[in-house]
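Examining the three-dimensional arrangement
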Amino acid sequence: MQKKRKLGRGVAVVGAGMSKFAMYPDKDSKDLFAEAFNEMRSSVDKGLEPNDIDALYVGNFTNDFFMHQGHWGPIISDLIGLAPKPATRTEGACAASALAFREGVFAIASGFYDIVLVSGVEEMSKRPTAEVTEGLALASVPYESRVGFTFPGVFGAIATDYFAKYGATRDHLMNVTIKSHNNARLNPKAQFNMTISDLMKARIERAKKKGEPVPEWKDEKEALWDPRFNPQVAWPMYLYDCCPISDGAACMLLVAEEIAKNFTDNPLHVIGIGQGSGRGLHAAPSLTSFEANKNAAAEAYGMSGLTPKDIQFAEVHDCFSMAELIHIEDLGFFEEGTGFKAVEEGLTRLDGPMPINTSGGLKCKGHPVGATGIGQLIEVWKQLRGEAGERQIPKKDLHIGAAQNLGGTGGTCTVTILERR
Amino acid sequence: MEAKPFSDISYEQFLNEDKLMGSRCKKCGALFVPPRSICIKCYGSEMEWVEMKGKGKLAAFTVISIGPPFMMEEGYDRKNPYCSGVVDLEEGARVDARIEGLDTTKPETIRIGIPLTAQFLHRGEGEKMTTFLAFKPS
Ligand SMILES: [Zn+2]
């Protein structure tokens with residue numbers, strides 16, 4: 001049984017901003033962070049005096065490998081005029097900024113600070129793909145990388161066990177991909193604003209223009225089954241099962257609950273936070289569940305007093321289509337081994353009973369690894385405040401949403417639950 | 001052999017000698033491959049070496065088209081993908097390994113549960129020797 005955990009005092013989110021996630025040949029981490037920071041400032045309904053921020057936490061994973069610079073706390077605090085106030089970098093692979101969020105929550109809950117900026121930034125696209133893959137492998141399980149496993153390979157192996165146990169197929173994974181693209185088309189901050197159909201049309205047009213053989217696909221799945229459109233990366237993970245390489249930044253303003261009204265009449269309350277750690281495939285109790293997820297979920301549900309049924313929608317870490325199925329089961333939204341059926345039945349669509357990854361997820365919104373955790377929480381913020389535009393969840397009385405972030409291949413997982421009261 | 005520390009370095013050294021070795025907790029009997037020096041079941045720290053027979057079954061796998069540089073250097077690529085997998089050993093432990101001897105151009109025909117036998121893929125010689133644990137169909 002999980003011990004019931006609580007914060008020393010309540011923490012609220014009163015502002016949020018992000019850069020568009022994309023590949024930016026002409027912008028660096030600082031440029032993207034400045035965009036996120038400016039958007040965050042303008043999102044604070046009653047205004048923010050930047051000088052009032054007590055401390056900064058910034059999540060980042062691979063910039064030391066790619067940019068040969070790892071000391072991002074002071075660089076970012078200088079950028080936004082916060083120096084000499086404290087700035088701390090958090091590292092948790094692709095969950096780096098969810099850890100920044102947690103540290104910010106703890107700093108306020110402890111009573112030490114009142115106003116904290118939590119954030120994440122990552123700059124990946126300026127390096128060749130092989131080098132990016134090598135950089136991400138910094139978070140691999142050594143026993144796995146030793147025998148040739150890559151990140152898509154690990155999720156591929158998980159998929160083979162999932163398929164064998166529950167009868168799912170690649171066809172079911174495609175439902176996840178198609179849904180992500182449909183949602184992302186409605187998200188102006190997403191790296192890919194196109195549905196699979198849009199991408200097919202573009203491909204056909206290009207073939208016609210170039211006088212190449214024109215593909216004939218009767219529907220989206222037929223294109224996804226075509227290795228010319230969707231080549232294998234690591235069986236059974238294909239290109240369209242994998243998130244892209246992205247640059248981006250995201251930040252959120254956290255304050256003590258008792259002063260939230262000074263910033264907005266519409267704050268979100270941090271009612272559940274959880275984290276867990278996990279082991280490699282060979283040592284994990286199950287290949288089709290992350291023990292780090294279960295621990296994170298148990299902490300977050302325990303703190304909030306909620307059950308999975310109380311969560312109205314969620315952003316989950318779909319670095320690969322397979323991962324989305326594992327997460328929606330680990331968090332208890334669907335029974336183990338039934339996630340693929342839920343997606344097939346449309347239950348996780350924007351207009352379904354349990355919308356998942358309304359932002360387009362990592363697959364389509366993009367995955368600048370260190371910025372992803374806060375990026376997910378920003379989608380929860382937008383949806384709960386009714387500011388999600390075309391992709392606003394049509395459900396009535398939306399007041400509780402969750403985000404689940406994963407680092408490595410399940411080595412670090414976090415679950416965060418936000419509430420609008 | 002008894003004097004070797006229960007570490008990843010020892011595990012690799014044994015692989016060079018064509019031995020797949022694990023550690024067993026003297027207090028509770030838990031088996032760990034690769035070896036652990038601290039028992040994560042009972043927190044005991046008294047271990048003994050156990051040699052695996054090298055027989056197992058395929059628990060999960062992937063066929064990788066885009067591998068890391070060291071696999072590309074071995075000649076693997078999109079046209080010649082390689083297989084990595086998780087193997088359930090007869091002794092009850094689970095290990096990560098390269099899987100050889102399967103038709104990687106038809107991954108949909110590879111079946112979980114097939115019986116496998118350990119193989120030791122040596123690269124380099126003498127001091128520079130390194131060994132990859134692999135399995136092939138029995
Ligand atoms: Zn023991």
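Attention now moves to the overall build of chain A. A tally of helices and strands in chain A yields 15 helices and 11 strands. Taking 421 residues into account, the globule formula puts the C-alpha radius of gyration at 22 Å, and chain A, at 20 Å, falls close to it. For the C-alpha atoms alone, the extent of chain A along its principal axes is close to 60 × 50 × 45 Å. The proportion of buried residues among the 421 residues of chain A is 63%.

Looking now at the side chain of D161 of chain A. Along the chain, the position of D161 of chain A falls in helix 7 (residues 151-166). The contacts of D161 of chain A, once residues within four sequence positions are left out, are L287 and T288 of chain A together with A59, A60 and I112 of chain B.

This part covers the coordination of the zinc ion. Residue and element names in this part refer to chain B. The zinc ion binds to the protein through C25 (SG), C28 (SG), C39 (SG) and C42 (SG); the donor distances cover 2.3 to 2.4 Å. Taken together, the four donor atoms coordinating the zinc ion and their angles of 101 to 114° define a geometry best described as tetrahedral. All donors of the zinc ion come from a single chain, and their spacing in sequence reads C-x2-C-x10-C-x2-C. Of this pair, C28 sits in the loop between strand 1 (21-25) and strand 2 (31-32) while C42 sits in the loop between strand 2 and strand 3 (47-51), and the two are 14 residues apart along the sequence. Residue C28 is classed as partly exposed on the basis of its relative accessible area of 41%.

Moving on, we come to the confidence of the model for chain B. Chain-level statistics for chain B give a pLDDT mean of 96 and a share of 99% at 70 or above. This prediction of the complex comes with two scores: 0.97 for pTM and 0.97 for ipTM.

For the coordinates displayed, the defined rule picks out 13 aromatic pairs over all chains. Relative to Y240 of chain A, the ring of F229 of chain A has its centre 4.9 Å away and its plane inclined at 5°; by these criteria the two rings are stacked. Linking F229 of chain A in the loop between helix 10 (220-225) and strand 5 (232-234) with Y240 of chain A in the loop between strand 6 (237-238) and strand 7 (248-256), this pair joins segments that are 11 residues apart in sequence. With respect to burial, F229 of chain A and Y240 of chain A carry one shared label: buried. Linked through ring pairs, F155, F290 and F320 of chain A together constitute an aromatic cluster. Taking NZ or CZ as reference, K4 of chain B lies 5.2 Å from the ring centre of F14 of chain B, over its face. Directly above the ring of F132 of chain B sits R98 of chain B, whose terminal nitrogen or CZ lies 4.7 Å from the centroid.

Bringing the environment of I112 of chain B into the picture now. As for its placement among the helices and strands, I112 of chain B is situated in the loop between strand 6 (94-99) and strand 7 (115-123). For I112 of chain B and G75 of chain B, which are 37 residues apart along the polypeptide, the C-alpha to C-alpha distance reads 26 Å. In this structure, I112 of chain B is in contact with T160, D161 and A164 of chain A together with L58, A59, A60 and F61 of chain B, ignoring residues within four places of it in sequence.

Along an α-helix, a turn takes 3.6 residues, which lines up residues three or four apart on a common side. Residue and element names in this part refer to chain A. The end-to-end C-alpha distance of helix 4 (residues 96-109), which contains 14 residues, comes to 20 Å, matching closely the 20 Å that a straight helix rising 1.5 Å per residue would cover. Counting buried residues in helix 4 gives 12 out of 14 residues, a clear majority hidden from the surface. When helix 4 is considered as a whole, its buried residues turn out to be A96, S97, A98, L99, A100, F101, R102, G104, V105, A107, I108 and A109. Directly beyond the C-terminal end of helix 4, a positive phi value near 95° is found at G111.

All names here are of chain A. The nine strands lie next to each other as 3-2-4-7-1-8-11-10-9, forming an open sheet whose pairing is mixed. Whereas interior strands pair on both sides, the edge strands pair on one side only; in this sheet they are strand 3 (87-90) and strand 9 (313-315). Sheet twist, expressed as the average angle between the axes of neighbouring strands with direction ignored, equals 25°. When strand 8 (residues 268-277) meets strand 11 (residues 412-420), the two strands line up antiparallel, connected through nine bridges.

Rules used throughout
Residues numbered from 1 in each chain as written. Chains lettered and ligands numbered in written order. Predicted model: local features only at pLDDT ≥ 70, side-chain atom pairs only at ≥ 80, totals over all residues. Heavy atoms only, no water. Helix = DSSP H or I, 4+ residues; strand = E, 2+ residues; numbered from the N terminus. Rg over C-alpha atoms; globule rule 2.2 N^0.38 Å. Buried < 20%, exposed > 50% of the residue type's maximum accessible area, 1.4 Å probe, protein only. Contact = heavy atoms within 4.5 Å. Donors = N, O, S within 2.8 Å, 3.2 Å for Na, K, Ca; no water. Tetrahedral: all angles 85-135°; square planar, octahedral: opposite > 155°, others 65-115°. pLDDT = per-residue confidence, 0-100. Phe/Tyr/Trp six-rings, centres within 6.5 Å; stacked < 30°, edge-to-face > 60°. Lys NZ or Arg CZ within 6 Å of the ring centre and 35° of its normal. Expected span 1.5 Å × (residues − 1). Pairing = 2+ DSSP bridges. Axes fitted to C-alpha atoms, helices over the stretch in contact; angles between N-to-C directions.

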